[in-house]
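An overview of the molecular structure
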Amino acid sequence: MKNTLKQLIAKSRAEDKAYAQQRKAEIMSPKTGDDRRNFLKKTALGGIALSSFMGYSFEDTIAETTSKVKRASAPSELKITDMRYVVTNVMGGTPIIKIETNQGIHGLGEVRDAADVRYALMLKSRILGENPCNVEKVFKSIKQFGGPARQAGGVCAVEMALWDLCGKAYNVPAWQLLGGRYRDKVRLYADTPEANSPEEQQRLINFRVKEQGYTWLKMDVSIGELKGKKDTVVNGKFWEDSKGSLSQWGDQRNFMSYGNTMHPFTQIQITEKGLEHLQQVVEDVRNMVGYEIPISTDHYGHFDMNNNIRLAKALEKYRLAWFEDMVPWQYTEQWKEITRSIDTPTTTGEDIYLLKDFLPLIHERAIDIVHPDLASSGGLLETKRIADYAEEFGIAMAMHQAGTPISFMANVHCAAASQNFLALEHHSVDLPWWEDLVTTVGGFKMIDKGFATVPLTAPGLGIELNEEVLKKHVHPKDKSYFEPTDQWNKLMSHDRTYS
């Protein structure tokens, strides 16, 4: 019996030693991120068994394992302790949030492009003290505070940060937590550059395709192209802004402006002359790009279903990849009519929140491609659910993205884990400092020749903030930089949605 006990003790010590050496090797590896390294130091065998291999004294070990935390603990004992933010210059003011924990590791999330950071801050009191690795549980407790488009920005930012934290805690990439990956690189699509002359546009397109390596492009085919061209639009003058433009994004303070009026309610029509001009715009780009590269289209203007069908039919000979957001996503029956009437694929979804509002479009086969924006659709897991559900109906998924590298990488992980994925939008191709806002864990190249790299070993989202660069690109409307947000700590409402 004594011999058996001695053997068990010896075996346990040997296993402890091997485990400690393994953790030490990971700590010392240059590929290990700072958050993961700190986490390993604080949690490996309580921090004490590792001390003899790290050269720490017993006192140093105790100090290390208790700094900033009540006690050394496992991922199951992680607790959310804080949420802070910075508003970046990307897309007119895109906030990044940082969720911190009792073990010193943090997760990064992003409030959708140019949305209000308060969408995220109001959730802080509702997640403090929660284990960030219980991602779905936390998400279900806060998803009631999301809504269409940028109203979902806070919920999605928190969800991104939770997956980042969970991956760091368990030392696995986010895609692994979503069920594994289908691909090692993610195809990107980029906007087609506009220019003042055909020669300049051809030069810019050659740069996109031949030097930057993009294999999928997207262009706007807007009635804005018809500005100043006589007899190309009916009823356009009534809706023009002070600059004589049909500005699709409208006046935020004027609810009844053109950009804020839903498509069926403007009664703008495109004349045959207008259609011919828009045909020429697309033909010019198709001739410059060729037919090997898909060209998607977007931003046509606010006009009704019938005129959308007329425009789509006029452009069908150019074999476009898709027509996007031709009418508001809420109009399932109109989408079904458009899709049945034309031969080019249709898509919508960048403003849809949660799978439940994609269901009518999918069930009715009203569109050919779902097009969620992960920073609005519910985050990584909900977007993966949208993709999987669409796949069951033979519907593909493309992904809208116009934010910082935080949401970009969240999309990359989700795209890697979704079989029916087509392409991911990259909206900041020409912003020279955009990629430098972060560093990749292990040094992988985030974008390579028109494809995003799927991090195979880097934990969480696989990136950390490059604070030296980030501090140079803080938006002037809010120059705070991860300052305390204690005013958002107190929960002051009862949130249950049923009695």
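That block above? That's the structure.
Notes on the structure follow. These numbers come from a predicted model, not from an experiment.

What counts, and at which threshold
- Residues numbered from 1 in each chain as written.
- Predicted model: local features only at pLDDT ≥ 70, side-chain atom pairs only at ≥ 80, totals over all residues.
- Heavy atoms only, no water.
- Phe/Tyr/Trp six-rings, centres within 6.5 Å; stacked < 30°, edge-to-face > 60°.
- Helix = DSSP H or I, 4+ residues; strand = E, 2+ residues; numbered from the N terminus.
- Buried < 20%, exposed > 50% of the residue type's maximum accessible area, 1.4 Å probe, protein only.
- Expected span 1.5 Å × (residues − 1).
- Contact = heavy atoms within 4.5 Å.
- Pairing = 2+ DSSP bridges.
- Right-handed = clockwise from strand over helix to strand, strands pointing away.
- Salt bridge = Lys/Arg side-chain N within 4 Å of Asp/Glu carboxyl O.
- Axes fitted to C-alpha atoms, helices over the stretch in contact; angles between N-to-C directions.
- Parallel < 35°, antiparallel > 145°, perpendicular 65-115°, else oblique.
- Left-handed = near helix turned anticlockwise from the far one by under 90°.
- Nonpolar A, V, L, I, M, F, W, Y, C, P; charged D, E, K, R; others polar.
- Polar contact = N/O pair within 3.5 Å; in protein donor to acceptor, adjacent residues only side chain to side chain.

**Some words on the packing of aromatic side chains**
Think of a pair of aromatic rings as described by two things: how far the centres are apart, and how the planes are tilted against each other in angle. A full pass over the atoms with the stated rule returns 8 aromatic pairs. Ring geometry for Phe408 versus Trp434: centroids 5.3 Å apart, planes at 90 degrees, classification edge-to-face. In this pair, Phe408 sits in helix α17 (residues 405–416) while Trp434 sits in the loop between β13 (421–425) and β14 (438–440), placing the two residues 26 residues apart along the sequence. When its relative accessible area of 0% is taken as the criterion, Phe408 is described as buried. Residue Trp434 is classed as buried on the basis of its relative accessible area of 0%. A ring pair is formed by Tyr481 and Phe482, whose centres lie 4.9 Å apart and whose planes are at 75 degrees; its orientation type is edge-to-face. Across the pair, exposure class does not vary: Tyr481 and Phe482 are buried alike.

**Considerations on helix α11 (residues 272–289)**
With 18 residues, α11 extends 26 Å from end C-alpha to end C-alpha; this agrees with the ideal 26 Å at 1.5 Å per step. For α11, the full list of buried residues reads Gly274, Leu275, Leu278, Val281, Val282, Val285, Arg286, Met288 and Val289. Where α11 is buried, its residues meet α10 (198–211), β5 (217–220), β7 (269–270), β8 (295–298) and α12 (305–315). A positive phi of about 90 degrees marks Gly290, the residue just after α11.

**Considering the pairing of β13**
Summarising burial for β13: 4 of the 5 residues are buried, a large majority. Of the pairings in the sheet, the one linking strand β4 (residues 185–191) to β13 comprises 2 bridges and is parallel in character. The partner of Leu188 across the bridge, within β13, is Leu424. Sheet topology places strand β12 (residues 396–399) next to β13; 2 bridges connect them, and they run parallel. Bridge pairing in β13 links Met399 to Leu424. For the crossover from β12 across α17 to β13, the handedness is right-handed.

**A look at the pattern of salt bridges**
Within the structure shown, the criterion is met by 28 salt bridges. The partner of Asp184 in a salt bridge is Arg181, with the nearest N and O atoms 2.6 Å apart. Classification of Asp184 as partly exposed rests on a relative accessible area of 43%. The exposure class assigned to Arg181 is partly exposed, which follows from its relative accessible area of 36%.

**Some thoughts on the packing of α11 against α12**
At a minimum axis distance of 9 Å, the contact between α11 and α12 shows a crossing angle of 45 degrees. Taken together, α11 and α12 sit at an angle that is classed as oblique. Crossing of α11 over α12 shows right-handed handedness. Along its contact with α11, which presents Glu272, Leu275, Leu278, Gln279 and Val282, the element α12 presents Arg310, Leu311, Ala314 and Leu315. Each residue belonging to the contact of α11 with α12 can be placed in one class, and the counts come to 6 nonpolar, 1 polar and 2 charged.

**A short note on the environment of Arg36**
Examined against the element boundaries, Arg36 turns out to sit in helix α2 (residues 34–43). Linking Arg36 and His106, residues 70 residues apart in sequence, is a C-alpha distance of 9.6 Å.

**Some words on the side chain of Asn307**
Residue placement: Asn307 occurs in helix α12. Side-chain polar atoms of Asn307 contact the side chain of Asp304, separated by 3.0 Å. Within the structure, Asn307 has its side chain in polar contact with the side chain of Arg310 (distance 2.8 Å). For Asn307, the contacting residues outside a window of four places in its chain are Ile268, Gln269 and Ile270.

**Quick notes on the sheet that holds strand β2 (residues 94–101)**
Spatially, β1-β2-β3 is the arrangement adopted by the 3 strands of the open sheet, whose pairing is antiparallel. Either end of the sheet is taken by a strand with one partner, and the two such strands are β1 (80–88) and β3 (106–110). When strand polarity is set aside, the average angle formed by the axes of neighbouring strands in this sheet is 20 degrees. Two strands pair when backbone bridges link them, and β2 and β3 are joined in this way by 5 bridges, in the antiparallel orientation. The residue bridging Ile97 from the neighbouring strand is Gly109, located in β3. This element, helix α8 (residues 153–170), spans β1, β2 and β3 of the sheet and lies at about 150 degrees to β3.

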